[in-house]
Amino acid sequence: MASPTQRSLTLIGGGLVGALLAQQLARRGFPVDVYEKRPDPRRSGFAGGRSINLALAERGLQALRTAGLADDVLQRAVMMRGRMVHTRDGRSGLQRYGVDDSEVIWSVSRGALNMLLLDAAEAAGVRFHFGQSLVSADFDKRRIRLADEHGSERDVDASVLIGADGAGSALRTAMHAHGPLGERIEPLGHAYKELEIPPAGQLPAELLGDTGGHDQFAIEPHALHIWPRGGYMCIALPNTEGSFTVTLFLPAQGPHPSFATLPNAQAARAFFQDDFPDLLPLIPDFAEDYGSHPVGTLSTLYLDRWHLDGRALLIGDAAHAIVPFHGQGMNCGFEDTVTLAALLAEAPDDTADVFAEFQRVRQPNANAIAAMALENYIEMRDSVADPHYLAKRELGVLLAERAPEHFMARYRMVTFTHLPYAYAFERGRAQDLLLQQLLRGSTDAGSVDLDAAAATLKATLPPLPSLRHG
């Protein structure tokens with residue numbers, strides 16, 4: 001491995017991706033300064049405007065293993081085996097993500113994870129500067145202007161800049177002003193609001209359902225709960241102390257139901273009584289939650305260019321923000337950090353080539369997971385209760401058992417392997433088309449001749465690449 005130069009790397013953004021990247025670079029010998037506009041959450045408390053908890057999958061776990069942090073993170077996470085789908089009439093059923101408990105995802109607290117990553121980066125020698133907002137960047141002079149919380153400004157040398165400052169990236173704005181990046185932001189048209197199911201001890205005993213033997217949880221803790229309702233849905237992710245973060249996804253505007261038609265907690269409560277009658281009693285502070293929590297917007301960000309020769313690069317959400325419906329935004333960003341740190345370690349003196357190669361490798365994968373995340377919203381809010389989807393899913397499980405070297409569900413490829421997102425996207429499309437042809441419109445997977453189906457599969461699609469699990 002090449003020895004890094006002593007030229008400092010300057011990161012804008014000390015969130016999840018920025019802190020993890022900084023730690024990995026410092027461990028490789030790079031001097032790293034990180035400028036973060038928010039105060040240090042370890043001292044001021046975590047004040048994120050984003051979702052409270054996130055889904056950690058194999059790609060993110062592998063990045064944390066590379067950083068030596070996976071075990072520490074998993075001790076603070078809750079395992080989720082699959083989707084617990086709640087129907088309008090109060091029934092529920094688990095749809096497993098993988099084949100067994102070796103293929104699960106993990107619910108992690110954004111704030112707790114960020115603080116753990118900050119500690120790890122500081123221990124590796126990273127210098128953090130909190131309460132420092134990027135005002136502007138002079139890429140020719142390789143200097144940036146920063147402002148503190150009082151508005152006082154100062155200039156700092158920054159020969160190589162990396163922007164890990166999220167979807168609203170200030171560095172991206174500065175780069176775009178220097179030379180257009182081909183930015184396209186596609187709003188989903190749907191928005192979200194977060195609510196909370198408290199720990200079981202704060203609820204009347206008669207409300208508590210099957211908790212899987214974990215008394216602090218009001219509902220089954222080892223699942224991502226979904227209340228699919230066609231064009232909209234609620235989901236709930238478990239937190240380690242026994243609560244669940246509930247997220248309502250609705251159209252932002254338009255006819256009922258939309259956030260425009262639910263202007264206050266009273267209107268929202270009536271909507272929940274009609275559409276989520278089993279969920280509403282589990283949210284005792286519904287009026288306060290609905291009234292005080294903001295409506296979040298959802299968009300996909302596309303850029304033609306992620307870097308300005310070797311002077312500046314965007315990474316994570318700053319380069320490719322996606323909607324949250326595949327639970328892969330953080331995982332994709334973490335995967336970015338592993339690729340970039342390895343490339344920089346190999347060629348520390350040639351950031352122009354490194355940044356170009358980073359974009360060449362990662363951009364097709366970022367575009368693929370962006371598309372899959374959009375598709376997964378439709379699947380979560382609608383298809384999980386659709387007989388045709390369920391038949392394809394069942395047939396896919398049977399084919400994966402019969403011919404595992406030729407068939408793996410796309411969700412498993414994305415979530416439990418390191419196969420490139422772009423490969424999973426294309427292979428998933430080919431497999432889905434084959435499943436449709438095998439079912440011929442039937443909703444009964446049992447009617448398909450499995451031996452003939454497996455033979456057709458092997459004749460139609462090449463074997464899967466060597467699968468890399470953690």
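Owing to the predicted nature of the structure, the values given are computational and were not obtained by experimental measurement.

*Asks:* Please give an account of the nonpolar core that cites residues and values.
*Replies:* In summary, soluble globular proteins display a tendency toward joint burial of nonpolar side chains. Counting 73 residues, the largest nonpolar core has L25, L117, I144, F334 and L340 as its most contacted members. With 8 residues, helix α1 (residues 16-27) is the single largest residue contributor to this core. Excluding residues within four positions of it along the chain, L25 makes contact with L9, L11, F30, V32, I162, A341 and L344. One finds M233, I322, Y377 and M380 within the second-largest nonpolar core, a separate group that totals 35 residues.

*Asks:* Describe a negative patch on the surface, and please don't skip the residues or the numbers.
*Replies:* On the surface, E196, E241, D285 and E288 cluster together to form a negatively charged patch. Relative to the helices and strands, E196 is located in strand β13 (residues 184-197). Taking the relative accessible area as the measure of exposure, E196 reaches 38% and is therefore partly exposed.

*Asks:* So, the confidence of the model for the chain: which residues are in play, and what are the values?
*Replies:* For the chain, the average pLDDT comes to 92, and 94% of its residues sit at 70 or higher. Predicted confidence is poor over residues 1-5, with pLDDT under 50, and the contacts of this stretch with residues over four places away or in other chains come to 13 contacts.

*Asks:* So, the environment of P294: which residues are in play, and what are the values?
*Replies:* Looking at the element boundaries, P294 is found in the loop between α8 (286-292) and β17 (296-302). By relative accessible area, P294 is classed as exposed at 62%. With 18 residues separating them along the chain, P294 and A312 place their C-alpha atoms 33 Å apart. Those residues in contact with P294 that lie beyond four places of it in its chain are Y192 and K193.

Parameters and conventions
- Residues numbered from 1 in each chain as written.
- Predicted model: local features only at pLDDT ≥ 70, side-chain atom pairs only at ≥ 80, totals over all residues.
- Heavy atoms only, no water.
- Core = buried A, V, L, I, M, F, W, Y, C linked by side-chain atoms within 4.5 Å.
- Buried < 20%, exposed > 50% of the residue type's maximum accessible area, 1.4 Å probe, protein only.
- Helix = DSSP H or I, 4+ residues; strand = E, 2+ residues; numbered from the N terminus.
- Contact = heavy atoms within 4.5 Å.
- Patch = residues over 30% accessible without salt bridge, like charges linked within 9 Å, V, L, I, M, F, W, Y side chains within 5 Å.
- Areas by Shrake-Rupley, 256 points an atom, 1.4 Å probe, with all protein chains shown as cover.
- Salt bridge = Lys/Arg side-chain N within 4 Å of Asp/Glu carboxyl O.
- Lys, Arg positive; Asp, Glu negative; His and termini not counted.
- Charge placed at Lys NZ, Arg CZ, Asp CG, Glu CD.
- pLDDT = per-residue confidence, 0-100.

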